[in-house]
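A look at the structure
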Amino acid sequence: MRPVYYEDGALKLIDQTLLPTEEVIRSYTDYRKIGEAIVTMVVRGAPAIGVTAGYAVYFAALEFKKEPIATFRQKMKEACDYLRGTRPTAVNLFWAIDRMSTVIEKAEPQDPETITAQLKEEADAICAEDIAMCRAMGKNGAALIHHGDTILTHCNAGALATADYGTALGVIRAAMEAEKNISVYADETRPLLQGARLTAYELHKDGIPVTLITDNMAGWMMKQGKINCVVVGADRITRNGDVANKIGTYSVSILAKEHHIPFYVAAPTSTIDFDMLSGDDIVIEERPSDEIKWIKGQQIAPDGIRFENPAFDVTPHQNVTAIITEKGVVYPPYFRSIPKLRQDQ
Ligand code: MRU
């Protein structure tokens, strides 16, 4: 399942706001509209946002490639700044835009047509690499999963959150392909229900046994011995191993610790912010209160009260048993093991 891909001169996105009841593919050629698609979560999930941003930069270049080089560079800077402002937490967005910006800086000769062609190649490379990283991560992570395990996951870190295959769900897919006879509990993941709408949808579609629970049920399932390990994705991992992921992940990590259940994070190295020392510095996106106040057009809370809607939280590194990447599995102390992953990045 490919939620983001380039075809026939356009960027195609599966509209994830409509899943699981409607499967609609939208076409984009305007980088501003692609930025809106990131903000409104037509596309979401850290790696998928990075891939999308790569193509958005390419479409900006297509728009400005007839300009003189100085104007082209200025317009491209403005387009990149606009895209950087769409969502603050997932580092993959910034990582992909930085890669595209480096192409603009280093291209030879410095003419807009040449740069635009090279940007297309870079966007395609980011997309292809993401799929390869998910496959490698899946293999590395599957080694941690035992035959017959039941795995809890939170939010959607699946094919829908990447260019294909998924991070946490990539590990689950790889374990399934290795005939480990696993099953999955999916947290529904309020407020936007990525677990119910997306994770349950894509696992069911692939024939992977999935049981949906509401977010407040995970602890009780653990207490009854129904969960063998937790595997989640990440939006940003800092140098010390702190992990920003969907709001609620932190609570799950504490529950896992209390019940002596391994808590694994699966993420490509493009999700590691090697320059950020700890999770204290991660900017947590605050989303509109209507996401809590309303469900599918139905108001569920009174007018006149206050809401808080942080989209992510930070799980401290002490709660993370291991981090699964495409380069291998790393263990604490993360301030030693994570920097080693940077080599040849
Ligand atoms: O707000 P979202 O849906 O973009 O949040 C997504 C998550 O938190 C995922 O768990 C994370 O991006 C990892 S995706 C491989």
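The structure presented is a predicted model; accordingly, all values stated were derived computationally and were not measured.

1. Structural notes on the side chain of N245
With respect to the helices, strands and loops of the structure, N245 is situated in strand 9 (residues 243-246). Within polar-contact distance, the side chain of N245 engages the backbone oxygen of G233 at 3.5 Å. Apart from the residues lying within four places of it in its own chain, the contact partners of N245 are H154, V232, G233, A234, D235, F312 and D313.

2. With respect to the packing of helix 2 (residues 46-64) against helix 4 (residues 91-106)
How two helices pack is summed up by the angle between their axes together with the distance between the axes. Their axes nearest at 7 Å, the elements helix 2 and helix 4 cross at an angle of 30 degrees. Considering their axes alone, helix 2 and helix 4 lie roughly parallel with respect to each other. The way helix 2 lies across helix 4 gives a crossing that is right-handed. Across the interface between the two elements, A46, P47, I49, G50, A53, G54, V57 and Y58 of helix 2 pack against N92, L93, A96, I97 and M100 of helix 4. Here the contact of helix 2 with helix 4 is built from residues that sort into 10 nonpolar, three polar and no charged.

3. Quick notes on the packing of helix 1 (residues 31-39) against helix 2
Between helix 1 and helix 2, the shortest axis-to-axis distance is 8 Å and the interhelical angle comes to 160 degrees. The orientation of helix 1 with respect to helix 2, classified from their angle, is roughly antiparallel. Taken as a pair, helix 1 and helix 2 cross one another with a handedness that is left-handed. The residues of helix 2 that touch helix 1, namely those facing Y31, R32, I34 and I38, are I49, T52, A56, F59, A60, E63 and F64. Grouping the constituent residues of the contact of helix 1 with helix 2 by class yields eight nonpolar, one polar and two charged.

4. Comments concerning the sheet that holds strand 8 (residues 236-238)
Pairing is mixed across the open sheet formed by four strands, whose spatial order is 11-8-9-14. One side of each edge strand has no neighbouring strand; the edge strands of this open sheet are strand 11 (272-273) and strand 14 (312-315).

5. Some points on the site of the ligand
Inspection of the region around the ligand gives 18 residues, with A46, R87, D235, N245 and K246 positioned closest. D235 is positioned with one of its side-chain polar atoms (N or O) 2.8 Å from an oxygen atom of the ligand. Coverage of the ligand by the protein chains reaches 100% of its 420 Å² of free accessible surface. Mapped onto the shell around the ligand, the elements with two or more residues apiece are helix 2 and strand 9. When grouped by side-chain class, the residues that make up the shell around the ligand number eight nonpolar, six polar and four charged.

6. Here's the deal with the pairing of strand 5 (residues 183-187)
Among the five residues of strand 5, four are classified as buried, and the element is accordingly described as predominantly covered. Pairing analysis gives four bridges linking strand 4 (residues 150-153) to strand 5, with the strands arranged parallel. Within strand 5, the residue paired with T153 across the bridge is A186. Of the crossover connections in this fold, the one passing from strand 4 over helix 6 (residues 168-177) to the parallel strand 5 is right-handed. By the bridge criterion, four bridges tie strand 5 to strand 6 (residues 210-213) in an arrangement that is parallel. Its bridge partner lying in strand 6, A186 is registered against L212.

7. Describing the sheet that holds strand 3 (residues 25-28)
With antiparallel pairing, the three strands of this open sheet are ordered in space as 1-2-3. Each of the sheet's edge strands pairs with one partner strand only, and the pair in question is strand 1 (4-7) and strand 3. In this sheet, adjacent strand axes meet at a mean angle of 30 degrees when their direction is disregarded. By the bridge criterion, four bridges tie strand 2 (residues 10-14) to strand 3 in an arrangement that is antiparallel. When the sheet's bridge partners are listed, L11 is paired in strand 3 with Y28.

8. Some words on the packing of aromatic side chains
In total, this model carries six aromatic pairs according to the counting rule given. With a centroid separation of 6.2 Å and 70 degrees between ring planes, the pair formed by Y6 and Y58 is classed as edge-to-face. With Y6 in strand 1 and Y58 in helix 2, this pair connects stretches of sequence that are 52 residues apart. Of the residues examined, Y6 reaches a relative accessible area of 26% and is grouped as partly exposed. Arranged with centres 5.3 Å apart and planes meeting at 55 degrees, the rings of Y58 and F59 form a pair that is tilted. When sorted by exposure, Y58 lands in the same class as F59, which is buried. Following the ring pairs from residue to residue traces out a cluster consisting of Y6, Y55, Y58 and F59. We note K120 situated over the ring of Y6; from NZ or CZ to the ring centre the distance is 4.1 Å. One residue, R135, lies across the ring of Y165, its end atom 4.0 Å from the ring centre.

About the thresholds
Residues numbered from 1 in each chain as written. Predicted model: local features only at pLDDT ≥ 70, side-chain atom pairs only at ≥ 80, totals over all residues. Heavy atoms only, no water. Helix = DSSP H or I, 4+ residues; strand = E, 2+ residues; numbered from the N terminus. Polar contact = N/O pair within 3.5 Å; in protein donor to acceptor, adjacent residues only side chain to side chain. Contact = heavy atoms within 4.5 Å. Axes fitted to C-alpha atoms, helices over the stretch in contact; angles between N-to-C directions. Parallel < 35°, antiparallel > 145°, perpendicular 65-115°, else oblique. Left-handed = near helix turned anticlockwise from the far one by under 90°. Nonpolar A, V, L, I, M, F, W, Y, C, P; charged D, E, K, R; others polar. Pairing = 2+ DSSP bridges. Near = heavy atom within 4 Å. Areas by Shrake-Rupley, 256 points an atom, 1.4 Å probe, with all protein chains shown as cover. Buried < 20%, exposed > 50% of the residue type's maximum accessible area, 1.4 Å probe, protein only. Right-handed = clockwise from strand over helix to strand, strands pointing away. Phe/Tyr/Trp six-rings, centres within 6.5 Å; stacked < 30°, edge-to-face > 60°. Lys NZ or Arg CZ within 6 Å of the ring centre and 35° of its normal.

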